[in-house]
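Examining the three-dimensional arrangement
Listed below, chain by chain, are the residues.
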Amino acid sequence: MWFNRKQKNKRNSRGHVLDVKLRSDQVRASRLRLAALAFGVVFGTTFGIYVLWRTGQWAMNRLVYENTAFAIQAVEAQTDGVISPDQIRRWANVKAGENLFALDLARVKRDLEMVPHVGFASVERVLPHTLRIRVSEREPAAQMNVPRTNGRGVVEVAVFHIDPDGFVMLPLDPRQRTTPPGASDEPLPVLTGVGLHELQPGRRLDMPSVQAAMRLITEFAHSPMAGMVDLKRIDVGSPEVLVVTTGQGSEVTFGLSDLDRQMRRWREIHDQGQRMGKSLASLDLAVSNSIPARWLQVSLGPVNSPKAPKPLRTKRRNV
């Protein structure tokens, strides 16, 4: 009986093994079907998205980016200064017939603002055929006359213009202006004390003395001394003071800070000299404890009549 029971248990064991194998094959087949189904769904979705994308791209190209109905026929150029519209169009490098939507507006804006004379530019589409460009120019507030040797070995004077923020630019070519410069244009104050190697068009002069000089020129038009004297030359070679020479022959030394207070003191001393019948030969406003001054008799001084300074344009960040 023990032998027979052992044989029966062996047959039952084999049946269970076969049943386990059968269920394993079914699970494996089910997993393969699920994997194939998932792959099919992913592939089908990806392919469908690709087809939709290509179809949309084709439609956009045909209906928008290559549509002659949006070809550029006019480029409007506006400025707050003296640059001619034709010159702005040349700098923008936009050709008639280009598609208005395919045009890279950021590229046009970047190219314009890389021109040293341009402070800010805005570019916009005006459907269906117009590109509108607005430019805010850098206005020269001072100039530098620096000697240099040309290719023939001859020494010549190179002229650079400086805007109120200290950006360097070359004088605008008369052919690039709306109107040529006239003899009546006010001469710019001349800055001295900066080397030729530091004057790179499009770059900003960050020297504290240069920045103080530009603030002095900007604030002078609204100061108590406006119309009393002319700013002729400003020496920025010292890191601590500005030495100003006026068109009336005075030499005035400024500290780099608190320029408004120093100009008010200048006016007080100027008026005091007028009452005494004297004019200033030199004045040091950078000294806080005292005000060293040297006087001349009015009859012996220069006779140049000062002119009212021309206020600089108000800055415009958006035009």
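As shown above, the structure is provided for reference.
What comes next is a walk through the structure. (Residues numbered from 1 in each chain as written. Predicted model: local features only at pLDDT ≥ 70, side-chain atom pairs only at ≥ 80, totals over all residues. Heavy atoms only, no water.)

A closer look at helix α4 (residues 208–220)
The end-to-end C-alpha separation of α4 is 18 Å, in line with the 18 Å expected for 13 residues at 1.5 Å each. All of the buried residues in α4 are S209, V210, Q211, A212, A213, M214, L216, I217 and F220. (Helix = DSSP H or I, 4+ residues; strand = E, 2+ residues; numbered from the N terminus. Expected span 1.5 Å × (residues − 1). Buried < 20%, exposed > 50% of the residue type's maximum accessible area, 1.4 Å probe, protein only.)

Side note on the packing of aromatic side chains
To describe a pair of aromatic rings, one takes the distance between the centres and the angle between the planes. In this structure the tally under the stated criterion is three aromatic pairs. Plain terms: the ring middles of F39 and F43 are 6.2 Å apart, the flat faces sit at 20 degrees to each other, and that makes the pair stacked. Here F43 and F39 lie together in helix α1 (residues 2–65), a separation of four residues that amounts to about one turn. Residue F39 shares its accessibility class with F43, and that shared class is exposed. Centre to centre, the rings of F254 and W266 are 5.7 Å apart; their planes meet at 75 degrees, and the pair counts as edge-to-face. Of this pair, F254 sits in strand β10 (residues 251–255) while W266 is found in helix α5 (residues 259–276), placing the two residues twelve residues apart along the sequence. Across the pair, W266 and F254 agree in class, each one buried. (Phe/Tyr/Trp six-rings, centres within 6.5 Å; stacked < 30°, edge-to-face > 60°.)

What to know about the pairing of strand β11 (residues 278–284)
The element β11 is extensively covered by neighbouring structure, given that five of its seven residues are classed as buried. Of the pairings in the sheet, the one linking β10 to β11 comprises three bridges and is parallel in character. Paired with V252 across the bridge in β11 is L283. As for the winding sense of the linkage, the β-α-β connection from β10 through α5 to β11 is left-handed. Strand direction decides the pairing type here: β11 and strand β12 (residues 293–297), joined by five bridges, are antiparallel. Opposite S279, over in β12, you have L296 as the bridge partner. (Pairing = 2+ DSSP bridges. Right-handed = clockwise from strand over helix to strand, strands pointing away.)

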